[in-house]
Amino acid sequence: GDRGPEKEIPFAKPGSLTRVFAVASGKGGVGKSSVTVNLAAAMAVSGLKVGVLDADIYGHSIPRMLGVSDRPTKVEDMIMPPVAHDIKVISVGMFKPPGNTPVVWRGPMLDRALHQFLADVYWGDLDVLLMDLPPGTGDIAISVAQRMPGAEILVVTTPQQAAAEVAERAGSIATQTHQQIAGVIENMAWLPCPHCDERIAVFGEGGGQSVADGLTRTLGSRVPLLGQVPIDLRLREGGDNGKPLVLTDPDSPAATELRRIAEGL
Ligand code: ADP
């Protein structure tokens, strides 16, 4: 149909003061969404105005992880996002028909949906917008790059070499899209032994550093390893019941590392 001219995306305007991070990973299940919500919560606690856009069409687990069950409301032609822990949250999952129907949007529809989430949602004056991308190098990552060229990429990986290789591929699309990579976060870096000081390398070692080194070579500019977040059962529990670990147990090793990463961004 005739939609008229597209609304402008406020974050993409020249001079926008909002920092936009696109959180990417090579494959699913590495903790991309968990890292996103904990970084968001840490930033919100420190007084920043934060929004999270869950663009992970296959996973869209952000609302559960932040304890959001409200749907967005419509005020005139704007979509008002629900707020949880002082974070404005929009997820593709909020626009699906009820039930657990999978989203089967394809490229052009995804691009339109992304534009709507960016332009029609009342985000207000955000300091930071975190976008949780689907894993891999799909259509959404390309749309984000085209619509928000200033978005900086955060790559999440596990220490596993196989995971690191796909993560590096996901990050290296930044060379084609001319985006900046803010850095690499290694998640599930180790399991602290419950009985001694030892670190158990459940998923091996070195993945985060090797992604950072590989991307540094590909991009020709330094991509830092921003931090290593250990495995913490409470981080998983917090994700399941909507309370990010950085809020419930800010001094735990995993939360301390996530807060440090958030501060450094
Ligand atoms: P992704 O977004 O990459 O698919 P998720 O954030 O959904 O990954 O994480 C996958 C699962 O692993 C979730 O159940 C989550 O709670 C758990 N998880 C993620 N990071 C950690 C961690 N550091 N310690 C313990 N569990 C974690």
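- The protein chain appears in an unreviewed UniProt entry as Iron-sulfur cluster carrier protein from Sphaerisporangium flaviroseum.
- As stated in UniProt under Subunit (unreviewed entry), the record for the protein chain gives "Homodimer."
- The annotation that UniProt attaches to the protein chain under Function (unreviewed entry) is "Binds and transfers iron-sulfur (Fe-S) clusters to target apoproteins. Can hydrolyze ATP."

**Examining the environment of Glu186**
So, step 1. As for its position among the elements, Glu186 is in strand β9 (residues 181-187).
So, step 2. As for Glu186 and Gly207, which are separated by 21 residues in sequence, their C-alpha atoms are 7.2 Å apart.
So, step 3. When sequence neighbours within four positions are dropped, the list of residues in contact with Glu186 reads Thr157, Thr158, Pro159, Gly207, Gly208, Leu225, Gln228 and Val229.

**Observations regarding the confidence of the model for the protein chain**
Interpretation of the predicted coordinates at a detailed level should be avoided for regions scoring low in pLDDT.
So, step 1. Mean pLDDT for the protein chain: 92, with 97% of residues reaching 70 or above.
So, step 2. Here the predicted complex scores 0.95 on pTM and 0.99 on ipTM.

**Here we look at the UniProt feature "binding site: ATP" (unreviewed entry) in the protein chain**
So, step 1. Sequence positions flagged by UniProt for "binding site: ATP" (unreviewed entry) are, in local numbering, Gly26, Lys27, Gly28, Gly29, Val30, Gly31, Lys32 and Ser33.
So, step 2. One can find Val30 in the loop between β1 (19-25) and α1 (32-45).
So, step 3. According to the C-beta neighbour criterion, Val30 is buried, with 26 such atoms within 10 Å.
So, step 4. Setting aside residues up to four positions removed in sequence, Val30 forms contacts with Ser25, Val156, Thr157, Thr158, Ala163 and Asn187.
So, step 5. Mapped onto the secondary structure, Gly31 falls in the loop between β1 and α1.

**Overview of the pairing of strand β7 (residues 128-132)**
Residues in a regular strand point their side chains to alternate faces of the sheet.
So, step 1. Most of β7 sits out of view: 5 of its 5 residues are buried.
So, step 2. Residues Val128, Leu130 and Asp132 of β7 are buried on one face, and the alternating residues Leu129 and Met131, pointing to the opposite face, are buried as well.
So, step 3. Looking at chain direction, β1 and β7 are connected through 5 bridges and run parallel. Note that in β7 the partner of Arg19 across the bridge is Val128.
So, step 4. With 5 bridges joining them, strand β2 (residues 50-54) and β7 adopt parallel strand pairing. Looking at β7, one finds that Leu53 is bridged to Met131.

**Observations regarding the packing of α1 against helix α9 (residues 253-264)**
So, step 1. Relative orientation of the contacting elements α1 and α9 amounts to 70 degrees, with a least axis distance of 9 Å. Taken as axis vectors, α1 and α9 run roughly perpendicular relative to one another. For the crossing formed where α1 meets α9, the hand is right-handed. In contact with Asn38, Leu39, Ala42 and Met43 of α1, α9 contributes Leu258, Arg259, Ile261 and Ala262.

**Quick notes on helix α6 (residues 207-219)**
So, step 1. Between its terminal C-alpha atoms α6 stretches 18 Å, which fits the 18 Å expected from 13 residues at 1.5 Å a residue.
So, step 2. All buried positions along α6 are accounted for by Gly207, Gly208, Ser210, Val211, Ala212 and Leu215.
So, step 3. At its buried positions, α6 is contacted by β8 (152-157), α5 (161-177), β9 and β12 (225-229).
So, step 4. Backbone geometry just downstream of α6 places Gly220 in the positive-phi region, at approximately 75 degrees.

**Topic: the site of the ligand**
So, step 1. Residues in close proximity to the ligand total 19 residues, the closest being Gly31, Lys32, Ser33, Ser34 and Arg236.
So, step 2. Of all the secondary-structure elements, those providing two or more residues to the shell around the ligand are α1 and α7 (233-240).
So, step 3. Class assignment of the residues belonging to the shell around the ligand gives a composition of 6 nonpolar, 10 polar and 3 charged.

**Things to note about the packing of helix α3 (residues 107-119) against helix α4 (residues 139-147)**
So, step 1. In the contact formed by α3 and α4, the axes pass within 9 Å of each other and the chain directions differ by 45 degrees. Classified by the angle their axes make, α3 and α4 are oblique. As α3 packs across α4, the resulting crossing turns out to be right-handed. Counted together, Gly107, Leu110, Asp111, Leu114, His115 and Leu118 of α3 and Asp139, Ile140, Ser143, Val144 and Arg147 of α4 form the full contact between these two elements.
So, step 2. Residue composition of the contact of α3 with α4, by class: 5 nonpolar, 3 polar and 3 charged.

Quick notes on the rules
- Residues numbered from 1 in each chain as written.
- Predicted model: local features only at pLDDT ≥ 70, side-chain atom pairs only at ≥ 80, totals over all residues.
- UniProt positions renumbered as here; feature names shortened; annotations may be inferred.
- Helix = DSSP H or I, 4+ residues; strand = E, 2+ residues; numbered from the N terminus.
- Contact = placed C-beta atoms within 7 Å.
- pLDDT = per-residue confidence, 0-100.
- Buried ≥ 20, exposed ≤ 12 C-beta atoms within 10 Å, placed from the backbone.
- Pairing = 2+ DSSP bridges.
- Axes fitted to C-alpha atoms, helices over the stretch in contact; angles between N-to-C directions.
- Parallel < 35°, antiparallel > 145°, perpendicular 65-115°, else oblique.
- Left-handed = near helix turned anticlockwise from the far one by under 90°.
- Expected span 1.5 Å × (residues − 1).
- Near = placed C-beta within 6 Å.
- Nonpolar A, V, L, I, M, F, W, Y, C, P; charged D, E, K, R; others polar.

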